[in-house]
Amino acid sequence: MSDPDRSLAAAVIVGAGRGTRFGAADKVMAPLAGRPLLAYSLDAAEQAEAVGAIVVVTAEHCVGAVADLIGSGSWSKIVATVTGGDRRQDSVWAGLAAMPSGASHVAVHDAARPLVTSSLFDACIAAARRFGAAIAAAPVADTLKRVVDGRVVATVSRRDLWAAQTPQAFRLELLMNAFASAAATGLEVTDEASLLEAMGIEVAIVPSSRANLKITHPEDLAVAEAVMRAGTSGRRAS
């Protein structure tokens, strides 16, 4: 019988969005401290001990630029680059379809979170091996308001509230079943954990730092670069 702790885990790095809020369709190639955004997530996945293979999902308009980046780098774990779809779950599904045979677990990560660390990949995959599903998340720190028609109608307690991040790691069979269920019911979600939640499957939390921020608007690049300079992201130089 194979050791589940040594079974293959793959990382699917998703960068197939339209970059609407960012104001540029090729957000994954935007420069951060002199390197394309996508390069940082590839670094972290490459350096993660638990990751044995990497699949990159990119938008059709970025295929050439991403191919050039990968060709100029030294990411030995990349096994495939595929084109994503209109929705996030279509893009993730395309990545799952390109995973190597024998993979038992998968960690899905947004290329728009460049300050992810290899240790966070490892921690999420370890938790997924134990619980079946696990996501990186950070406790909500802001005071939350419910707003209707531009007016505050209530303050929402932040007790027990966590902000979901990526990586999100799963036993592959569980995630594939969740995708099949979503396809059958027409369910649309903004993260993979929601697919499992809809099936009543518990998802574990791996505590993360707010430094694992998502690049959504152009000004977020300056914030990420400041975090990198401060050394608070815990990233390892590559």
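Preceding this paragraph is the structure being described.
Described in the following lines is the structure provided in the data block. Everything quoted here is computed from the prediction, not taken from an experiment.

Reading the values: the criteria
- Residues numbered from 1 in each chain as written.
- Predicted model: local features only at pLDDT ≥ 70, side-chain atom pairs only at ≥ 80, totals over all residues.
- Heavy atoms only, no water.
- Pairing = 2+ DSSP bridges.
- Helix = DSSP H or I, 4+ residues; strand = E, 2+ residues; numbered from the N terminus.
- Axes fitted to C-alpha atoms, helices over the stretch in contact; angles between N-to-C directions.
- Contact = heavy atoms within 4.5 Å.
- Buried < 20%, exposed > 50% of the residue type's maximum accessible area, 1.4 Å probe, protein only.
- Phe/Tyr/Trp six-rings, centres within 6.5 Å; stacked < 30°, edge-to-face > 60°.
- 1 Å grid on protein atoms, 1.4 Å probe; cavity = no way out; pocket = protein on both sides within 12 Å on 5 of 7 lines; lining within 4 Å.
- Points joined across faces, edges and corners; volume = space filled by probe spheres on them.
- Nonpolar A, V, L, I, M, F, W, Y, C, P; charged D, E, K, R; others polar.
- Salt bridge = Lys/Arg side-chain N within 4 Å of Asp/Glu carboxyl O.

1. Quick notes on the sheet that holds strand 7 (residues 133–139)
Here is step 1: If you trace the seven strands from one edge of the open sheet to the other, you get 5-4-1-6-10-7-11, paired in mixed fashion. Unpaired on one side and paired on the other, strand 5 (78–83) and strand 11 (204–207) mark the two borders of the sheet. Taking the axes of each pair of neighbouring strands and ignoring which way they run, one obtains an average angle of 25° across the sheet.
Here is step 2: Bridge count between strand 4 (residues 51–58) and strand 5: five bridges; the pairing is parallel. Within strand 5, the position partnered with Val 57 by the bridge is Val 82.
Here is step 3: Packing against the sheet, helix 1 (residues 37–47) makes contact with strand 1 (8–15), strand 4, strand 5 and strand 6 (103–110), and its axis sits at approximately 160° to strand 4.

2. Let's talk about helix 1
Here is step 1: With respect to burial, helix 1 is a largely interior element, 10 of its 11 residues being buried.
Here is step 2: Those residues of helix 1 that fall on the buried side of the exposure criterion are Leu 37, Leu 38, Ala 39, Tyr 40, Ser 41, Leu 42, Asp 43, Ala 44, Ala 45 and Glu 46.

3. Looking at the side chain of Ser 208
Here is step 1: Mapped onto the fold, Ser 208 is located in the loop between strand 11 and helix 7 (219–230).
Here is step 2: Once residues lying within four places of it in the same chain are set aside, the contact partners of Ser 208 are Leu 120, Ala 136, Ala 137, Ala 138 and Gln 165.

4. So, the packing of aromatic side chains
Any aromatic ring pair is given by two values, namely how distant the centres are and how the planes are angled relative to each other.
Here is step 1: What the rule picks out here adds up to one aromatic pair.
Here is step 2: Ring geometry for Trp 93 against Phe 179: centres 5.5 Å apart, planes inclined by 45°, an arrangement best described as tilted. Taken together, the residues Trp 93 in helix 3 (residues 88–97) and Phe 179 in helix 5 (residues 172–185) connect sequence positions 86 residues apart.
Here is step 3: Residue class for Trp 93 comes out partly exposed when judged on its relative accessible area of 40%.
Here is step 4: A residue is classified by how much of its surface remains accessible, and Phe 179, at 7% relative accessible area, is buried.

5. Brief notes about the layout of surface pockets
Here is step 1: Of the pockets and cavities examined, the second largest pocket occupies roughly 220 Å³.
Here is step 2: Residue lining of the second largest pocket: 13 residues in total, with Pro 139, Val 140, Asp 142, Ala 163 and Arg 210 positioned closest to the centre.
Here is step 3: Listed by contribution, the elements that provide at least two residues to the lining of the second largest pocket are strand 7 and strand 10 (162–171).
Here is step 4: Among the elements that line the lining of the second largest pocket, the one with the most residues is strand 10, at three residues.
Here is step 5: Here the lining of the second largest pocket is composed, by residue class, of eight nonpolar, two polar and three charged.

6. A look at the pattern of salt bridges
Here is step 1: Within the structure shown, the criterion is met by six salt bridges.
Here is step 2: For Glu 188, the salt bridge identified is with Arg 87, shortest N-O distance 3.4 Å. Placement of the pair is Glu 188 in the loop between helix 5 and helix 6 (192–198) and Arg 87 in the loop between strand 5 and helix 3, with a sequence separation of 101 residues.
Here is step 3: When the shortest N-O distance is used, the salt bridge between Arg 229 and Glu 225 registers 3.9 Å. Here Glu 225 and Arg 229 lie together in helix 7, a separation of four residues that amounts to about one turn.
Here is step 4: Of the residues examined, Glu 225 reaches a relative accessible area of 30% and is grouped as partly exposed.
Here is step 5: The network of salt bridges with shared partners includes Arg 87, Asp 90 and Glu 188.

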